[in-house]
Amino acid sequence: MGLTYNKQFKSKDRMITPSGPRDRQVKHTNQIMGPDQSLINELKSHINSFQEQLQSKSSSSGYTEDDLNAEIEKAIKTETASLKIKHESEINKLVSKIESLEKEVKHKDEMIQYLKELKSSGLVSYENDHHDRTLESNFRPKMQEIYIDPSESTGKMEGHITIADEPATNSDNMLNKVSKLKCLLGKLPDKKY
Amino acid sequence: MKRVGIDLGTNSLCSAIAINEVDAPTFKLERDCFYIIKPKTDVNRSSIKMSLDKRGVKYVINEDDTYIVIGHDALDIAIERNDVVQRPMQKGVISPKEKTSLPMLKLMIENMIGKGDAGDVCMYSVPAKPIDGDFDIVYHSEIMRLCLTQMGYEAKPINEAYAVALSELLDDELTGITLSFGAGQTNVCVVLGGDPLIEFSLARGGDYIDQSVSNALDIPCSIVQLDKESGTDLYNPGSKLMEAVSVYYTSLLNYVFNNIVYELKKREKEIPLFKKPIPIIVSGGLSLAIGFVQKVEEVLGTINFPIKIKEVRRAVDPMKAVAQGALLATTI
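Residues numbered from 1 in each chain as written. Chains lettered and ligands numbered in written order. Predicted model: local features only at pLDDT ≥ 70, side-chain atom pairs only at ≥ 80, totals over all residues. Heavy atoms only, no water.

Chemist: Can you lay out the layout of surface pockets for me, pointing to particular residues and giving the numbers?
Modeler: All names here are of chain B. Estimates place the volume of the largest pocket at around 670 Å³. Taken together, 41 residues form the lining of the largest pocket, with Asn11, Ser12, Glu229, Gly285 and Met319 sitting closest to its centre. Within the residue set of the lining of the largest pocket, elements represented by two or more residues are β1 (3-8), β3 (26-31), β11 (176-181), α6 (206-217), α7 (221-229) and α10 (321-329). The residue makeup of the lining of the largest pocket, split by class, is 14 nonpolar, 17 polar and 10 charged. (1 Å grid on protein atoms, 1.4 Å probe; cavity = no way out; pocket = protein on both sides within 12 Å on 5 of 7 lines; lining within 4 Å. Points joined across faces, edges and corners; volume = space filled by probe spheres on them. Helix = DSSP H or I, 4+ residues; strand = E, 2+ residues; numbered from the N terminus. Nonpolar A, V, L, I, M, F, W, Y, C, P; charged D, E, K, R; others polar.)

Chemist: Tell me about the nonpolar core, and name the residues and values.
Modeler: Residue and element names in this part refer to chain B. Core analysis: the biggest nonpolar cluster contains 40 residues, and Leu179, Phe257, Phe292 and Phe305 have the highest contact counts within it. Secondary-structure elements contributing two or more residues to this core are β11, β12 (186-192), β13 (195-202), α6, α8 (240-266), β14 (278-283) and α9 (292-302). At 12 residues, α8 tops the list of elements feeding residues into this core. Aside from chain neighbours lying at most four places away, what touches phenylalanine 292 is Phe181, Leu234, Tyr249, Leu253, Val282, Leu286, Ser287 and Arg314. In terms of nonpolar packing, the next biggest core, distinct from the first, is built from 33 residues, Ile17, Val60, Met89 and Met151 among them. (Core = buried A, V, L, I, M, F, W, Y, C linked by side-chain atoms within 4.5 Å. Buried < 20%, exposed > 50% of the residue type's maximum accessible area, 1.4 Å probe, protein only. Contact = heavy atoms within 4.5 Å.)

Chemist: If you had to explain the pattern of salt bridges to someone new, which residues and values would you point to?
Modeler: Residues and elements named next belong to chain B. Counting across every chain of the model gives 18 salt bridges over all chains. In this structure, glutamate 229 engages arginine 31 in a salt bridge whose closest nitrogen and oxygen atoms are separated by 2.4 Å. Here arginine 31 lies in strand β3 and glutamate 229 lies in helix α7, a separation of 198 residues in the sequence. A salt bridge links aspartate 53 to lysine 49; the shortest N-O distance between them is 3.0 Å. Of this pair, aspartate 53 and lysine 49 both sit in helix α1 (residues 42-55), 4 residues apart, which is roughly one turn of the helix. The partly exposed category is assigned to aspartate 53, whose relative accessible area is 41%. Linked through salt bridges whose partners overlap, the residues forming this network are Asp172, Lys310, Glu311 and Arg313. (Salt bridge = Lys/Arg side-chain N within 4 Å of Asp/Glu carboxyl O.)

Chemist: Tell me about helix α5 (residues 160-168) of chain B, and please be specific about residues and values.
Modeler: In an α-helix, one turn spans 3.6 residues, which is why side chains three or four residues apart end up on the same side. Residue and element names in this part refer to chain B. Burial within α5 is extensive, with 9 of its 9 residues counted as buried. Listed in full, the buried residues belonging to α5 are Glu160, Ala161, Tyr162, Ala163, Val164, Ala165, Leu166, Ser167 and Glu168. At the N-terminal end of α5, a side-chain oxygen is found 3.0 Å from the backbone nitrogen of alanine 161, two or three residues along, and the residue is asparagine 159. (Polar contact = N/O pair within 3.5 Å; in protein donor to acceptor, adjacent residues only side chain to side chain.)

Chemist: Which residues make up the sheet that holds β12(B), and what values go with them?
Modeler: Residue and element names in this part refer to chain B. Read across the sheet, 5 strands follow the order β13-β12-β11-β14-β15 without closing on themselves; strand pairing throughout is mixed. Two strands in the sheet have a free side with no partner beyond their single neighbour: β13 and β15 (309-314). Going across the sheet, the axis of each strand differs from the next one's by a mean of 15°, ignoring polarity. Sheet topology note: the β11/β14 ladder contains 4 bridges and is parallel. Among the inter-strand pairings, threonine 178 is bridged to a residue of β14, identified as isoleucine 281. This element, α5, spans β11, β12, β13, β14 and β15 of the sheet and lies at about 50° to β12. Packed onto the sheet, α9 meets β11, β14 and β15 and runs at close to 150° relative to β15. (Pairing = 2+ DSSP bridges. Axes fitted to C-alpha atoms, helices over the stretch in contact; angles between N-to-C directions.)

Chemist: Please provide a residue-by-residue account of the confidence of the model for chain B, values included.
Modeler: Residues and elements named next belong to chain B. On average, residues of chain B score 89 in pLDDT, and 98% of them are at 70 or above. Averaged pLDDT values over the elements of chain B bottom out at 82 in strand β7 (residues 89-90) and peak at 96 in β14. Note on the complex model: pTM 0.69, ipTM 0.76. (pLDDT = per-residue confidence, 0-100.)

Chemist: Let's hear about the packing of aromatic side chains: which residues, and what values?
Modeler: Residue and element names in this part refer to chain B. Across all of its chains, the model carries 4 aromatic pairs over all chains by this definition. Ring geometry for phenylalanine 181 versus phenylalanine 292: centroids 5.1 Å apart, planes at 80°, classification edge-to-face. Note that phenylalanine 181 is positioned in strand β11 and phenylalanine 292 in helix α9, a separation of 111 residues in sequence. Through a chain of ring-to-ring contacts, the aromatic side chains of Phe181, Tyr249 and Phe292 assemble into a single cluster. Here the guanidinium or amino end of arginine 204 rests over the ring plane of tyrosine 255, the centre of that ring lying 5.2 Å away. (Phe/Tyr/Trp six-rings, centres within 6.5 Å; stacked < 30°, edge-to-face > 60°. Lys NZ or Arg CZ within 6 Å of the ring centre and 35° of its normal.)

Chemist: Give a description of a nonpolar patch on the surface that names residues and reports values.
Modeler: Residues and elements named next belong to chain A. A contiguous nonpolar patch, built from Tyr63, Leu68, Ile72 and Ile76 and spanning about 390 Å² of accessible area, is present on the exposed surface. Relative to the elements of secondary structure, tyrosine 63 occurs in the loop between α2 (35-61) and α3 (65-106). Using a relative accessible area of 44% as the deciding quantity, one classes tyrosine 63 as partly exposed. (Patch = residues over 30% accessible without salt bridge, like charges linked within 9 Å, V, L, I, M, F, W, Y side chains within 5 Å. Areas by Shrake-Rupley, 256 points an atom, 1.4 Å probe, with all protein chains shown as cover.)

Chemist: Give a description of the confidence of the model for chain A that names residues and reports values.
Modeler: In this model, chain A carries an average pLDDT of 72, and 60% of its residues clear a pLDDT of 70 or more. When pLDDT is averaged over each helix and strand of chain A, the minimum, 48, is found for strand β2 (residues 134-137) of chain A and the maximum, 86, for α3(A).

Chemist: Account for a negative patch on the surface, naming residues and giving values.
Modeler: The grouping of A:Glu65, A:Asp66, A:Asp67 and A:Glu71 at the surface amounts to a negative patch. Overall, A:Glu65 belongs to the exposed group, its relative accessible area being 65%. (Lys, Arg positive; Asp, Glu negative; His and termini not counted. Charge placed at Lys NZ, Arg CZ, Asp CG, Glu CD.)

Chemist: How would you explain the pairing of strand β10 (residues 154-159) of chain B if you had to name every residue and give the values?
Modeler: All names here are of chain B. Bridge analysis of strand β9 (residues 121-126) against β10 gives 6 bridges, and the strand direction is parallel. Within the sheet, the bridge partner assigned to tyrosine 124 lies in β10 and is proline 157. Assessed by its sense of winding, the connection that carries the chain from β9 through helix α4 (residues 137-150) to β10 is right-handed. (Right-handed = clockwise from strand over helix to strand, strands pointing away.)

Chemist: Which residues make up the packing of helix α2 (residues 72-80) of chain B against α7(B), and what values go with them?
Modeler: When two helices pack together, their arrangement is given by the angle between their axes and by how far apart the axes lie. Residue and element names in this part refer to chain B. Packing of α2 against α7 leaves a shortest axis separation of 10 Å and a crossing angle of 130°. One finds that α2 runs oblique with respect to α7. Here α2 and α7 pass one another in a crossing that is left-handed. Two secondary-structure elements touch here, α2 through His72, Leu75, Asp76 and Ile79 and α7 through Ser222, Ile223, Gln225 and Leu226. Tallied by class, residues from the contact of α2 with α7 come to 4 nonpolar, 3 polar and 1 charged. (Parallel < 35°, antiparallel > 145°, perpendicular 65-115°, else oblique. Left-handed = near helix turned anticlockwise from the far one by under 90°.)

The following block contains the structure:
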């Protein structure tokens with residue numbers, strides 16, 4: 001029976017280190033093999049155990065990564081198809097509406113011209129009282145303005161009239177005036193007198 | 001192609017006729033009035049005719065054998081007989097009530113401009129809508145169109161004051177204020193680059209002066225008119241009558257320019273910003289008075305005119321400016 005002592009015992013002042021022949025032998029073996037090798041072995045064993053765990057988990061849920069991608073793609077296709085079927089009727093309605101609007105747009109220039117003509121003839125009025133402004137064509141016949149010469153016939157008048165020409169004063173530059181006027185004014189302003 | 005511009009005034013008619021654009025126009029001027037002489041017997045009828053022929057006056061024998069003297073001679077004969085002349089137009093327009101006057105007006109116009117052929121154009125002056133009266137401008141314009149069309153012309157109306165602008169503002173880029181002082185009305189036009197922005201008329205003119213002086217001095221209106229037209233010097237009146245004429249000239253000018261200011265302020269939004277001061281052109285029979293431009297400048301000095309004025313200028317020929325402007329308008 002030899003003396004036993006706690007090799008791990010540490011005092012405050014000194015540390016008892018293993019220094020017997022067995023300790024030296026172990027130390028020597030460790031020096032040959034290297035302390036890292038054991039660590040590597042330990043880590044390898046951990047990796048192996050994790051790999052086993054992972055494989056067992058994947059196989060237990062039934063999906064691999066590729067399977068999962070395929071499933072997602074399939075789900076998207078299915079959902080798209082169901083939505084398409086669901087909203088197809090609405091889409092068809094909208095397509096037909098777009099077609100009719102396109103037809104109207106084709107005739108917009110003609111419509112604008114027509115409305116302009118109506119407006120210039122005073123036959124169109126806007127009703128502002130309603131929220132939706134409506135275009136109302138008023139084709140009510142208008143009274144025609146007729147002017148009759150009130151004078152009697154001048155056929156039986158016997159004229160003794162000769163009106164003499166005035167002496168020309170500033171008429172020599174008429175051509176100049178006409179040229180200036182044509183330069184300044186292309187046409188007379190459109191006014192009703 | 002004959003081109004005609006005609007100024008249809010209350011007191012006088014003036015026509016400008018040109019065959020081509022390059023031709024110098026021929027002007028004709030006649031007083032727009034007539035006087036009817038009714039013979040009492042056959043002997044009287046022949047003596048009246050002899051007398052009229054001897055004097056060389058312009059007259060018409062009507063279907064009822066009455067003699068109708070027209071133009072300036074009518075005024076002379078009316079004064080001799082202590083009577084007054086008749087006018088086809090009142091206040092610048094034909095009166096629907098004056099049915100007997102219209103044939104006379106047509107006759108006078110036809111004698112001035114002759115008959116038209118296809119393609120001949122006639123621009124005739126019309127007043128603007130009065131701001132101080134109620135006249136049927138549309139009736140006047142349409143009846144004159146009818147008359148001129150019957151004479152063979154393609155008839156188009158033109159505003160009287162705008163015609164003055166076409167005649168007198170060519171060197172001012174057709175920008176300014178033109179006034180036509182006639183017997184029945186005063187027409188005003190504010191023009192910018194040839195565009196008539198504001199057009200209106202005032203129912204006061206030479207007749208207002210004649211009537212006012214006649215009332216004030218108890219003198220027949222015709223005599224006042226003849227004296228006034230024989231030569232008026234507004235700053236040197238040689239008689240009591242001329243003093244009164246000068247006073248009423250000032251009164252009329254004050255009325256006209258104060259109303260112009262009132263209208264311009266009222267239509268402030270319609271008036272553009274003029275880049276530089278603009279000219280005022282005065283035309284018409286009243287502007288012939290000596291000192292007229294000075295009087296206008298004097299009146300302008302007393303009021304706050306809303307537009308900067310470069311100068312007050314009389315038309316080159318105040319009696320022919322409207323007809324010349326109307327003639328020029330036929331070329332564009």
